[in-house]
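# Geometric and topological summary
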Amino acid sequence: MPGTSVRADLVLYGPGSRPAPLSHAAARAYCRRLARSHYENFTVASWLLPGELRQPFYNLYAYCRWADDLADELDDPSRSRALLDWWGEALVACFEGRAEHPVFVALGETIREFDLPREPFLDLLVAFRQDQVVRRYDRFEDLLDYCRCSANPVGRLVLHLGRCCNGERAALADSVCTGLQLANFWQDVARDWRRGRVYLPQADCRRHGYDEAMLAREEYNGAFRSLLEEQVARAEAFLCGGWPLVAAVPRWLALEVALFIRGGLAVLAAIRRQDYDVWSQRPVVSKLRKLRLLAACWWQRHRGTFPHDAP
């Protein structure tokens, strides 16, 4: 982890360690340092949060960051599964008031303050465990089931931090989070393939005529273009389908939601600009484009002029 090392932190705070009792202030500082050092976009987004909500977001992010690193950064699936089991046990201990790990010492405060449910945290671990054993998905519906555990719980937890979670908003947040997850998959087709993972639904590959030999050659052709065009359109539909959430949440959260949706749509637009050739070059959104999106969303929130329909 940039700014910290999961292996080093496992020595200090991993299973079998006996860390010295950590104060709540020190635990909060640990989560804050982890969030600020690891992910540029999260740091930028945190500036837009009300001051009293930044630490709760840092604590939530730290939980997700640790779980993600335990799943992906150790190069040993069996070891990752064991560590994810340990992380799940630490989560249960946190909900029972027995937290020892700095992330859970800080997160416990957030859980109590916002009455966060246990299920979204557990669902994330289901997805991380699944990553250790499932490398391909046959149907698009199977991929959506994965997104329900890997992406959607984060949106629901954010709604709880905004004290505005209900059935309708949760469904809209699910649409946004699924759309973002799909956009990331299609942006990273090549990167995931080289890590041994294929998120392109295999049934869709067969239907478009993109076979295993083409995949092995990382071949861009008409079959791949039509395959990815379909997947990009699906991701766009999920993102746009969640746009009504912008008008249904507090103003500070409306800006965050609008930024995430427009950021996801910008990724999809970058894929289209490359005519869906994600093998030769990873599509990216430039820093200038990100700043323009931020400025546009901030100005629209300031004036209360977010469009009714998705951009």
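Let me begin by describing the structure that accompanies this report.

Procedures and definitions
- Residues numbered from 1 in each chain as written.
- Predicted model: local features only at pLDDT ≥ 70, side-chain atom pairs only at ≥ 80, totals over all residues.
- Heavy atoms only, no water.
- Helix = DSSP H or I, 4+ residues; strand = E, 2+ residues; numbered from the N terminus.
- Buried < 20%, exposed > 50% of the residue type's maximum accessible area, 1.4 Å probe, protein only.
- Contact = heavy atoms within 4.5 Å.
- Areas by Shrake-Rupley, 256 points an atom, 1.4 Å probe, with all protein chains shown as cover.
- Phe/Tyr/Trp six-rings, centres within 6.5 Å; stacked < 30°, edge-to-face > 60°.
- Expected span 1.5 Å × (residues − 1).
- Arc of directions from axis to C-beta.
- Axes fitted to C-alpha atoms, helices over the stretch in contact; angles between N-to-C directions.
- Parallel < 35°, antiparallel > 145°, perpendicular 65-115°, else oblique.
- Nonpolar A, V, L, I, M, F, W, Y, C, P; charged D, E, K, R; others polar.
- Salt bridge = Lys/Arg side-chain N within 4 Å of Asp/Glu carboxyl O.

### A closer look at the overall build of the protein
Secondary structure summary: the protein contains 16 helices and 0 strands in total. Burial statistics for the protein: of 311 residues in total, 51% are counted as buried. A sequence separation of at least 24 residues applies to 72% of the contacts in the protein between residues at least 6 apart. As displayed, the protein has an accessible area near 14,500 Å², and 53% of this comes from carbon and sulfur atoms.

### A word on the environment of Ala-20
Within the element layout of this structure, Ala-20 appears in the loop between helix H1 (6-13) and helix H2 (24-38). On the basis of relative accessibility, which here comes to 58%, the residue Ala-20 falls in the exposed class. Taking the C-alpha atoms as reference, Ala-20 lies 9.9 Å from His-101; in sequence the two are 81 residues apart.

### Concerning the packing of aromatic side chains
Applying the stated rule across the entire model yields 19 aromatic pairs. Between Phe-57 and Trp-252 the ring centres are 6.3 Å apart and the planes differ by 90°, which places this aromatic pair in the edge-to-face class. Of the two residues, Phe-57 sits in helix H4 (residues 51-72) while Trp-252 sits in helix H15 (residues 251-273), which places them 195 residues apart along the sequence. Each member of the pair, Phe-57 together with Trp-252, is buried. Plain terms: the ring middles of Tyr-210 and Phe-224 are 5.1 Å apart, the flat faces sit at 55° to each other, and that makes the pair tilted. Taken together, the residues Tyr-210 in the loop between helix H12 (202-208) and helix H13 (212-216) and Phe-224 in helix H14 (residues 222-241) connect sequence positions 14 residues apart. Each of the two residues, Tyr-210 as well as Phe-224, counts as buried.

### Quick look at unusual backbone geometry
The phi torsion at Arg-163 lies on the positive side, around 50°, for a residue other than glycine. Even without a glycine there, the phi angle at Asp-275 is positive, about 55°. With respect to the helices and strands, the residue Asp-275 is situated in the loop between H15 and helix H16 (287-303). The exposure class of Asp-275 is partly exposed, given its relative accessible area of 34%.

### So, helix H7 (residues 119-133)
In an α-helix, one full turn covers 3.6 residues, which means residues spaced three or four apart are oriented alike. If you check H7, its first and last C-alpha atoms are 22 Å apart, about what 15 residues at 1.5 Å a residue would give, namely 21 Å. Every buried residue of H7 is accounted for by Pro-120, Phe-121, Leu-124, Leu-125, Ala-127, Phe-128, Asp-131 and Gln-132. Mapping the buried residues of H7 onto a view down its axis gives an arc of 155°, with all of them on the same face.

### Considering the packing of helix H5 (residues 77-95) against H7
In the contact formed by H5 and H7, the axes pass within 9 Å of each other and the chain directions differ by 175°. Classed by the angle they form, the pair H5 and H7 counts as roughly antiparallel. Contacts between H5 and H7 involve Pro-77, Ser-80, Arg-81, Leu-84, Asp-85, Trp-87, Gly-88, Leu-91 and Phe-95 from the former and Phe-121, Leu-122, Leu-125, Phe-128, Arg-129, Gln-132 and Val-133 from the latter. Its residues assigned to classes, the contact of H5 with H7 comprises 10 nonpolar, 3 polar and 3 charged.

### Concerning the pattern of salt bridges
Per the stated rule, a full pass over the model turns up 24 salt bridges. Taking the shortest distance from any N to any O, the salt bridge between Arg-139 and Asp-142 comes out at 2.9 Å. Looking at Arg-139, the relative accessible area reads 40%, which means it is partly exposed. Of the charged contacts, one joins Arg-234 and Glu-230 as a salt bridge, the two residues approaching to 3.8 Å between their closest N and O atoms. Of this pair, Arg-234 and Glu-230 both sit in helix H14, 4 residues apart, roughly one helical turn. Each member of the salt-bridge network shares a partner with another, and the members are Asp-72, Asp-192, Arg-195 and Arg-197.

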